[in-house]
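Below, each chain spelled out in residue letters.
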Amino acid sequence: MNSFMKNITQKDIDFMQVALDEAKLAASEDEVPIGACVVFEGRVIARAHNRRESDKSPWAHAEFLAMQQAAEILDRWRLSGCSVYVTLEPCLMCAGLMINSRIDRCVYGSSDPKGGALGTLYNVHADERLNHEFEAVGGVLEDECSKLLKDFFIRRRKERKQSKEEGTYEKPAHIDIDDLDCLRSQINIIDKQMFSLLQQRFDVAALIARYKESHGMDIFDPQRENDKCLWAESLADDDEKDLYGRIMSELMEVSREYEKRINDKQ
């Protein structure tokens, strides 16, 4: 089922360009420039870029994050009907996720001689011993994808060499972590994720406000806001329902204020 520079359409090129744009965002954040997007019914429903350094996460690969988003948007773990576009051939981890999520197709830019699992080192997508197979197509915008990676690592090596010559290069230090440090780190991770999600919520809320305004709809829906608070309370244990309810109410109030400011600026 593997093909290289076969069955490629103009849409494949267009969608790979979306993945490339994400890869450029990764480079701007000093991450290895790999980007991805997920396409369903002819449109991009999720997009992401490599965030392993930023998130300090071993699974924060571009295609992994994009598939997570797609599952949330489609509200199902099965990604059947979806195609994944990624600038670098997926590794074993991401190829495994593609198997488990039942994607239809993966299109990638440059092959990965050190870890490629869709035709280079392994053929995970076409292994008949597994419970799912999917089409893999490589080489789409390969030159652009490869150049982005090469330029990044050339710059990275130059910076490392210069820092060594200047005596400013520091090897990663060994860190002793006790139980309290672990717990505090978990809190920090949760807080970081919470604020990141809150910002995403604000951004989407602003889009919803603009949509409602342009269609003559009421910006605020009291019943829906109340339903959200009830939903939040349902997630908590009995002795925490009041706390969850208050937190959700405060978040709703912040969101309403944010939407109001967005509309005032228009």
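Residues numbered from 1 in each chain as written. Predicted model: local features only at pLDDT ≥ 70, side-chain atom pairs only at ≥ 80, totals over all residues. Heavy atoms only, no water.

Student: What am I meant to see in the pairing of strand β4 (residues 82-88) here?
Tutor: Looking down a regular strand, the side chains alternate between one sheet face and the other. In terms of burial, β4 is a largely internal element, seven of the seven residues being buried. Here β4 runs beside strand β5 (residues 105-110); their pairing, made up of five bridges, is parallel. Considered in β5, the bridge of V84 is made with C106. (Buried < 20%, exposed > 50% of the residue type's maximum accessible area, 1.4 Å probe, protein only. Helix = DSSP H or I, 4+ residues; strand = E, 2+ residues; numbered from the N terminus. Pairing = 2+ DSSP bridges.)

Student: Help me out: how do you make sense of the pattern of salt bridges in this one?
Tutor: A pair can form between side chains of opposite charge whenever their charged atoms are brought close. Counted under the stated rule, the structure contains 10 salt bridges. In this structure, the salt-bridge partner of R47 is E22, at a minimum N-O distance of 2.8 Å. With R47 in strand β3 (residues 43-49) and E22 in helix α1 (residues 10-28), this pair connects stretches of sequence that are 25 residues apart. Among the residues examined, R47 registers a relative accessible area of 36% and is labelled partly exposed. Among the ionic pairs, D30 bridges to R155, the shortest N-O distance being 3.5 Å. In this pair, D30 sits in the loop between α1 and β2 (35-40) while R155 sits in helix α5 (residues 142-165), placing the two residues 125 residues apart along the sequence. In this structure D30 comes out as partly exposed when scored by relative accessible area, which is 38%. By relative accessible area, R155 is classed as partly exposed at 32%. Three or more residues are tied together by salt bridges with common partners; here these are D30, R155, R156 and E159. (Salt bridge = Lys/Arg side-chain N within 4 Å of Asp/Glu carboxyl O.)

Student: What exactly am I supposed to notice about unusual backbone geometry here?
Tutor: The bulk of non-glycine residues show a negative phi, and the bulk of peptide bonds are trans. For K56, which is not glycine, the phi torsion reads 50° and is therefore positive. Examined against the element boundaries, K56 turns out to sit in the loop between α2 (52-55) and α3 (62-74). Relative accessible area serves as the criterion here: at 74%, K56 is assigned to the exposed category. Of note in this structure, D75 is not a glycine but carries a positive phi near 60°. Along the chain, the position of D75 falls in the loop between α3 and β4. The class of D75 is exposed, set by a relative accessible area of 68%.

Student: Sorry, what's going on with the pairing of β3 here?
Tutor: Relative to β3, β2 is paired through six bridges, and the arrangement is antiparallel. Paired with V39 across the strands is V44, a residue of β3.

Student: Help me out: how do you make sense of helix α4 (residues 92-101) in this one?
Tutor: Because each turn of an α-helix spans 3.6 residues, side chains separated by three or four positions end up pointing in the same direction. Residues C94, A95, M98, I99 and S101 constitute the buried set of α4. Check the buried side of α4 and you find it contacts α3, β4 and β5. (Contact = heavy atoms within 4.5 Å.)

Student: What should I look at first to understand a nonpolar patch on the surface in this one?
Tutor: Judged by side-chain polarity, W231, L235, L243, Y244, I247 and L251 come together as a nonpolar surface patch covering roughly 560 Å² of accessible area. With four residues, helix α8 (residues 241-265) is the single largest residue contributor to the nonpolar patch. Among the structural elements, Y244 can be located in helix α8. By relative accessible area, Y244 is classed as partly exposed at 33%. (Patch = residues over 30% accessible without salt bridge, like charges linked within 9 Å, V, L, I, M, F, W, Y side chains within 5 Å. Areas by Shrake-Rupley, 256 points an atom, 1.4 Å probe, with all protein chains shown as cover.)

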